[in-house]
Amino acid sequence: MAKITVNKDLASERAKCEFNVEELTNYLDGGRENTARRRRMEDKVLSVKELRDEIPEEYLSHKEKYENAIRKAVLFYKVQKSLDDPNQSDHERIRNSYRSTITSAIFKDNSPLTLHIVMFIPAIIGQGNDEQREYWLKRAKNMEIIGTYAQTELGHGTFLRGLETTATYDPATEEFVLHSPTLTAYKWWPGGLAHTANYCVVMAILYTKSKNCGIQPFIVQIRDEETHMPLPGIKLGEIGAKLGYNTVNNGFLGFDNHRIPRDRMLMRNAQVSKDGTFTAGANSKLTYGTMVYVRVLIVNNMANLLAKAVTIAIRYSAVRRQSKLKPEDPEPQILDYVTQQHKLFIGIATSHAYSRTALWLWDHYAKVTSELNAGKLDNLPELHSLACCLKVLSSVDAAVFVERSRLACGGHGYMLSSNLPQTYGLVTPASTFEGENTVLLLQVARSLVKAWQQMLNGRQLAPSMAYLADQKQLDRWDGSVNGIIRAFQKVARGKLAFSVANFEKYQKMGLSREDAWNKASVQLTAAAESHGRAIVVQVFKTETDRIASSLSPPLRKALDQLVELFTLYWALERLGDLLLYSPLSEVDVRDMQARYEELLEKIRPNAVGLVDGFDIRDEILNSALGAYDGRVYERLMEEALKSPLNAEPVNSSFHKYLKPFMQGKL
Ligand SMILES: CC(C)(COP(=O)(O)OP(=O)(O)OC[C@H]1O[C@@H](n2cnc3c(N)ncnc32)[C@H](O)[C@@H]1OP(=O)(O)O)[C@@H](O)C(=O)NCCC(=O)NCCSC(=O)CCCCCCCCCCCCCCC(=O)O
Ligand SMILES: Cc1cc2nc3c(=O)[nH]c(=O)nc-3n(C[C@H](O)[C@H](O)[C@H](O)COP(=O)(O)OP(=O)(O)OC[C@H]3O[C@@H](n4cnc5c(N)ncnc54)[C@H](O)[C@@H]3O)c2cc1C
């Protein structure tokens, strides 16, 4: 194997790291065996040279990008399948692979099969009855059919009760007639829908016996299994170029009185019998279950994407030298500027925070799902609220800190060869998809207002909201991490109390409940955001304490520093709130600021070790700035030379346009 020459600044950073990087990687992976398994899988996938791109994806046309992505998706799926452990349950498989980012090595802009894996199969599992699961899952898991999740329409994404696609039951033929009555009823956005999928789960308003029975899921064939031609009564296409996700093949779909058999309605929750009698499920919101599942997955996805961005930016900042700190000294590494540390260390801490929170949420999701399967629905509202608020916070923070990582790399961060713009293109849509963030915060607010009323009635609250019932004042500011967590809870409680009071005041002033809610909604969403912050800091602290207790002291210390940095960062970001709702004094603020700056200094020698600990291979980072060896300038030049414009010294446009133009002949 060729010896790697590592940039000397990066090498000396690695030499001064105070903990064992491999121990950190094992901790993040959930044990040495998981690390080994992940690496074996990466080795195997990366050994398939056909999965690599010869020409950088960015130089392909839109059509070529799609075709190349499909070529790789098929191969990638086969390789992954050959590595599957058949003894693992779906839950274990997802839990054990939560740190797997290998998809990024193959697709800079995501796979056209993502929706098949992430939503189509889960929708069948969550919405299909036993018979339907037996039939459709086998076909979907064997890739005999490829599907997607078609819910959003041109006119409605958020407001599901406003969807216009209808599924009208015809008892004479025992069929549903799917129809898009208007242009705005066209399904719009589903990944893989345009040219990849031949089936999809369609969410449509069910009409039977002339009654609207709400949104129900239907499994619909949209293309012929042999020719892949759209079936009669189906209009299909691609929605066009986007900020990111360009290889995901997002599509549109319209129905012209398209008929499907009765057994194509997924009937786990609600049913339509042969004569058209509708039987409602135990809770109509169980139909929204696939979205809850994906919101839970998104939290982890955000942690992984942020880990990628911050690895690139920290390594680059160790290599890059610019300006002067002291006139007599050489130009320092830009990582020595405390403002640079302030921009980036929070990204490392945030990735850890959401990685821990995502696992905690996943286990909670698994517990509630098994309760639902046993007919116990009590914990569904809390799960919905938690999934909404953690999806919102993780997607907002990831977008902010990925973009900050890009900006922290100066001009080179703007290059696609840094892979930072594409990473931003992968995180930013998560603020919109799977429930637009403001809308989800309003769902959280709704659950908090309900909890507030339950508390006033002396009822017990769900565990994640129990702190709302803590009436005790926070008498003293002790500045400890646990003290700050309690202060965050006081902030959330105080903001909620204030928004509930205003909501009630607006109603007393004569506004309808709905108008009062709308008028109070800025405060309500702020309360929901604070509730989310309180949960994340608490889960980050308690889960780190729980899992890290057996680690070596130097690693334990480094992790504690990240927890403290995260807590202090948000305390300083939310000073106004803390001053309003906790006994914080000016002296305490100055003390927090000083501690925060001390922490940056303490973390500084470990910064490269911390991102090395994420253990994201060069092939996955896909970045000229972030590679392990730090050959930043050489790689930037190598990537520049791949530009098709560099294939010839003079471009033909010179003779065609520029020359005649400069000579006044054009
Ligand atoms: C919730 C809504 C906003 C409102 O719905 P309604 O109008 O029907 O509700 P009401 O206001 O009447 O009632 C509210 C009531 O219901 C409760 N409720 C609501 N939702 C739920 C729920 N899900 N579960 C339980 N309960 C629920 C709520 O609490 C209220 O109860 P009370 O009355 O008691 O107070 C709704 O309209 C809504 O959800 N809108 C959002 C729509 C949405 O989310 N659409 C998503 C479309 S699909 C999509 O966007 C796909 C995106 C692409 C995803 C790709 C992700 C990839 C990355 C992650 C995975 C990585 C893995 C990598 C794998 C690899 O590639 O290798
Ligand atoms: C990359 C990407 C992939 C996607 N993939 C899929 C897919 O595979 N399948 C699928 O079905 N869909 C998919 N979607 C669609 C996605 O789920 C919707 O875009 C999303 O749910 C938001 O809905 P909307 O676009 O209608 O936004 P809108 O609801 O129109 O939002 C616009 C603005 O209105 C505000 N707003 C709306 N309602 C309210 C309210 N009640 N109170 C206050 N403010 C409000 C929002 O806050 C926002 O500021 C995808 C979207 C993207 C970007």
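These numbers were taken from a predicted model, which means no experiment stands behind them.

What about the site of ligand 2?
Neighbouring ligand 2 are 22 residues; Q151, T152, G157, T158 and T438 lie closest to it. The set of elements that each furnish at least two residues to the shell around ligand 2 consists of β1 (149-150) and α13 (437-456). No other element matches the three residues that α13 contributes to the shell around ligand 2. Looking at the shell around ligand 2 residue by residue, the classes come out as 10 nonpolar, 10 polar and two charged. Among the domains, domain 1 (122-281) and domain 2 (288-630) are the pair contributing at least three residues each to the shell around ligand 2.

Side note on the environment of K505
Along the chain, K505 turns up in helix α14 (residues 481-508). Judged by the 13 C-beta atoms lying within 10 Å of it, K505 falls in the partly exposed class. Considering only alpha carbons, one finds K505 and F654, 149 residues apart in sequence, at a separation of 70 Å.

Section: the UniProt feature "domain: Acyl-CoA oxidase C-terminal" (unreviewed entry) in the chain
As recorded in UniProt, the feature "domain: Acyl-CoA oxidase C-terminal" (unreviewed entry) lies at residues 482-663. Helix makes up 76% of residues 482-663 and strand 0%, with an end-to-end C-alpha separation of 74 Å.

Re the pairing of strand β3 (residues 175-179)
Within a regular strand, the side chains alternate between the two sheet faces. Of the two faces of β3, only the one carrying F176 and L178 is buried; E175, V177 and H179 on the other face are not. Here strand β2 (residues 166-170) folds back onto β3 in antiparallel fashion, the turn holding four residues, of which E174 has a positive phi close to 55°. When β3 meets strand β9 (residues 258-261), the two strands line up antiparallel, connected through four bridges. What sits directly across from F176, in β9, is I260.

Here we look at the UniProt feature "domain: Acyl-CoA oxidase C-alpha1" (unreviewed entry) in the chain
Feature annotation in UniProt assigns "domain: Acyl-CoA oxidase C-alpha1" (unreviewed entry) to the following positions: residues 288-449. In the segment residues 288-449, helix accounts for 72% and strand for 0%; the C-alpha atoms at its two ends are 22 Å apart.

Considerations on the site of ligand 1
Neighbouring residues of ligand 1: 33 residues in total, closest K285, Y288, H384, F433 and G435. Looking at the shell around ligand 1, the elements that each hand over two or more residues are α7 (114-127), α9 (289-319), α11 (380-408) and α13. Looking at which element gives the most residues to the shell around ligand 1, the answer is α9, with six residues. Along the lines of polarity and charge, the residues of the shell around ligand 1 split into 15 nonpolar, 13 polar and five charged.

A word on the environment of Q422
With respect to the helices and strands, Q422 occurs in helix α12 (residues 420-427). In the structure, Q422 is positioned 121 residues away from E543 in sequence and 31 Å away in space, judged by C-alpha atoms.

Thresholds, definitions, all that
Residues numbered from 1 in each chain as written. Chains lettered and ligands numbered in written order. Predicted model: local features only at pLDDT ≥ 70, side-chain atom pairs only at ≥ 80, totals over all residues. Near = placed C-beta within 6 Å. Helix = DSSP H or I, 4+ residues; strand = E, 2+ residues; numbered from the N terminus. Nonpolar A, V, L, I, M, F, W, Y, C, P; charged D, E, K, R; others polar. Domains from an automatic or database assignment. Buried ≥ 20, exposed ≤ 12 C-beta atoms within 10 Å, placed from the backbone. UniProt positions renumbered as here; feature names shortened; annotations may be inferred. Pairing = 2+ DSSP bridges.

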